[in-house]
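Read off the chains here:
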Amino acid sequence: MLKAVRSPGLCSSHDTLDPFHDCDLGVAHLVNMAAPDLSRLTHREKEVLHTLGLGESNRLLARRLRIAERTVKAHVSSIIAKLELRSRADATALSILRHAEVHTSLGLPNGQ
C-alpha cells in the first residue's frame, strides 16, 4: 500500500536498478495511525482532499474545482488541522491511501 505514495527518482542516494525502491517520503506513519474521521470535513474540503491525490499544484486544483487558488490553500490548511495531519504531503498520501472512502463520502458514482 505504501508504494502508492513513493515516487521514482526522489532518493538518488540509493544505488538500485528498481525505480520504486524503498524511498520513504515521510508518510509511512499514516499507514499505522488511526484513521482520521473524514466526517469532520465539509463537502468542499472532501472535494479538495479527493483532488489532492492527483499531485497537482494549488493553481491546477483551483482550476479543476473552479475556485480561487487562495481558497484551495485555505481548504488544505483546514484539512490538515481538522484531521490532525502533519503536512500537505500527509493529506495527499491520505487522499491516495483512502481514495475509495473519500470518493464514496462525496457521493460520486464509481469510475469518477
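What comes next is a walk through the structure. (Residues numbered from 1 in each chain as written. Predicted model: local features only at pLDDT ≥ 70, side-chain atom pairs only at ≥ 80, totals over all residues. Heavy atoms only, no water.)

## Thoughts on the overall build of the protein
In terms of helices and strands, the protein carries 6 helices and 0 strands. Per-residue burial for the protein yields a buried fraction of 37% across its 112 residues. Sequence separation of at least 24 residues holds for 57% of the intrachain contacts in the protein that already meet a minimum separation of 6. (Helix = DSSP H or I, 4+ residues; strand = E, 2+ residues; numbered from the N terminus. Buried < 20%, exposed > 50% of the residue type's maximum accessible area, 1.4 Å probe, protein only. Contact = heavy atoms within 4.5 Å.)

## Considerations on the pattern of salt bridges
Considering all chains together, one arrives at 5 salt bridges under this definition. The partner of Glu 101 in a salt bridge is Arg 98, with the nearest N and O atoms 2.5 Å apart. (Salt bridge = Lys/Arg side-chain N within 4 Å of Asp/Glu carboxyl O.)

## Let's talk about helix H5 (residues 88–97)
Extensive coverage of H5 is indicated by the burial of 7 of its 10 residues. For H5, the set of buried residues is Asp 90, Ala 91, Thr 92, Ala 93, Leu 94, Ser 95 and Leu 97. Measuring from the side-chain oxygen of the N-cap residue of H5 to the backbone nitrogen of Ala 89 gives 3.3 Å; that N-cap residue is Ser 87. (Polar contact = N/O pair within 3.5 Å; in protein donor to acceptor, adjacent residues only side chain to side chain.)

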